[in-house]
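The primary structure of each chain is shown beneath.
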Amino acid sequence: MPLPYTETVMEHFRHPRNVGRIEDADAKAVEGSPACGDMVAVYLKVDPKDLRITDIKFESYGCASNIATGSIITEMAKGKTLDEAKRITWKQASETLGGLPPIKVHCSILAVDGLRAAIENYEERHGLVKERKPTTVEFVRKRLKRVMNPMTGLDVVRTKLVKEVEVTDGTVRVVLDLPEDHQFAAAIREDIVEKLEPRWDVERVIVEFTE
Amino acid sequence: MAERIVYLDNAATTRLDERVLEAMRPYFFDVYAVATSQFGYSPGLDARDALDDARTRIAAALGAAPEEFVFTSGSTESSNMALKGVAMALGEKKGKHIIVSKIEDFPVLNSARALEKQGFRVTYLDVDEHGRVDLEQLRDAITPETILVSVQAANQEIGTLQDVAAIGQICREKGVLFHTDATHSFPRVPLDVREVPVDLVTVTAHLIHGPKGVGGLYVRSHTPLVKWMDGGFQEFNLRAGTENIPGAVGFAKAVELVTPEETARLQEMRDRLIERLLQIPHSRLNGHPTLRLPHNANVSFRFVEGESILLHLDMRGFAVSTGSACFSRSLEASHVILGIGGDHERAHGSVRFTFGRFNRDEDVDTVAQAVAEVVARLREISPLGKE
């Protein structure tokens, strides 16, 4: 086999498990961004009694390693409790797939991030966040690193699009160094709101543009 | 496994034509001597004759004199030789400014970047949505310090042809040397140096069913060029090293085998494929609709990623290429698609199909059908485009 992918990766790429969406999902998360490169959406159905994942589905806009990792990680998470599923690492996913090429770490880690983000989304929606850390400017900046800048394929923090972050009384204000009529302005705004609004102490997310 | 691979990556390299191999064979086993001077032994003189004959025939395809054509190891060397050779010849004497287009292939682009590190200033010309250089921007970019303009004859990915005659005319008027990388167009798209004011032209054998490892550089008489690889005095003392005579003979044979009739056949297949692919929803052609390489089709499919398309097509027995970042060794999206104003998403879903002599007419229908199925399948998995 001349391909850099193992038989298991190719099998999951060819016939991905748990593909699709759950319309009445209890939680969902999207990692990556449509215009920048790979993107994964993860949907969860959770039994509220024992916090077990009863159903999980994913969608992928990505390369073979992205699709295969989405497939394996949903298989691994199904039937597990949220706490167990949260601890599934990229390394475990990669090992179960028989290894992934080092250069593909970025594309495959997105699926793992997607699962974790979906679990966090569930916990935030259902008031299960144990530590209840307050949303600080630092936290917002950290989370903005998951928002992609479609012009470069890197996140908005790294590409210096984030000009200002302010957190006051449940309102998060993010100022982007981008004109409002920019072709990606709406997409980035939507992505930011989606990443921050489910926070337990966030009521409003305002995204402003320069110019 | 599929019985026959439908190879549609002829812009990467091509299958050798048996007739080329037959032409080369005697120069491995019978006439294997080095091409000696006119005072040498007879096998060497036979080798010399073969080399001269090959050179004459390839030069003729460019409308050039034999002594204006230098054999090299391929396009990469030819373009390095042109850019660095001119830089060495004129950098101190005239100026340190070079102009290239931003969608050049890596030999030109990275030679320009290497010269930048050595203190040269490089202007990277923009291209329009089809990949054509703006002639006014070129005219304005030329300064008294400009020593060389290098703009490709045809693009490696999207197939767009440049107006080399107009570019050459501007360079001639301004007294600046002009190099064009004709790797992907020679000799299918005619370029006659008697009509086009061009000083240096890069060509190669392996994209026209010739052998790998041989190419050439047309060097107009009296073009200032410093030899940058030291060694013997071969190739008019411009390119050192024992001549690759089987390669040269194979290159000449490969050029001879390219006919206008064949090129018309490839173009007909290209046109049919583009028409079929554009029937797939959310697809768009990359490159110029008409001013493009006769054998190149490049289409982007939204909501899906190129490497996934490529692997699914491979499983069905088709070999194609993509501009997706996921596929490149550098994980960078195609600089060509970004250069024509496309975003990462467009590069992500771009697929290049390039035809060659050994494609059959029915390949168009089978690949178009396979692409339609694969794209539909991947769109089912994709979170995008479902509204």
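Residues numbered from 1 in each chain as written. Chains lettered and ligands numbered in written order. Predicted model: local features only at pLDDT ≥ 70, side-chain atom pairs only at ≥ 80, totals over all residues. Heavy atoms only, no water.

Q: Would you take a moment to explain the overall build of chain B for this structure?
A: For chain B, the count of helices and strands is 14 helices and 13 strands. Taking 2.2 N^0.38 as the reference for a compact globule, 387 residues should give roughly 21 Å; the C-alpha atoms of chain B span a radius of gyration of 22 Å, in line with that estimate. Taken along its principal axes, the extent of the C-alpha atoms in chain B is 75 × 50 × 35 Å. Residues counted as buried form 60% of the 387 residues belonging to chain B. Across chain B, the fraction of contacts at a sequence separation of at least 24, relative to all contacts at a separation of at least 6, is 72%. Within the structure as shown, chain B displays about 15700 Å² of accessible surface, and the carbon and sulfur contribution to it stands at 53%. (Helix = DSSP H or I, 4+ residues; strand = E, 2+ residues; numbered from the N terminus. Rg over C-alpha atoms; globule rule 2.2 N^0.38 Å. Buried < 20%, exposed > 50% of the residue type's maximum accessible area, 1.4 Å probe, protein only. Contact = heavy atoms within 4.5 Å. Areas by Shrake-Rupley, 256 points an atom, 1.4 Å probe, with all protein chains shown as cover.)

Q: Looking at this model, I keep getting lost on the domain arrangement of chain B. Mind explaining?
A: All names here are of chain B. Entries for chain B in the domain assignment read domain 1 (6-15 + 259-381) and domain 2 (31-257). The straight-line distance from the C-alpha centre of domain 1 to that of domain 2 is 28 Å. Counting residues at the interface gives 31 residues for domain 1 and 30 residues for domain 2. Buried surface at the junction of domain 1 and domain 2, both sides included, amounts to about 2600 Å², of which 54% is carbon and sulfur. (Domains from an automatic or database assignment. Buried area = accessible area lost by both parts, 1.4 Å probe.)

Q: When you look at the environment of A:Gly127 in this model, what are you seeing that I'm missing?
A: All names here are of chain A. Summarising the element assignment, Gly127 is placed in the loop between α5 (105-125) and α6 (137-144). Residue Gly127 is classed as partly exposed on the basis of its relative accessible area of 41%. Each C-alpha atom of the pair Gly127 and Arg199 lies 9.4 Å from the other, and the pair is 72 residues apart in sequence.

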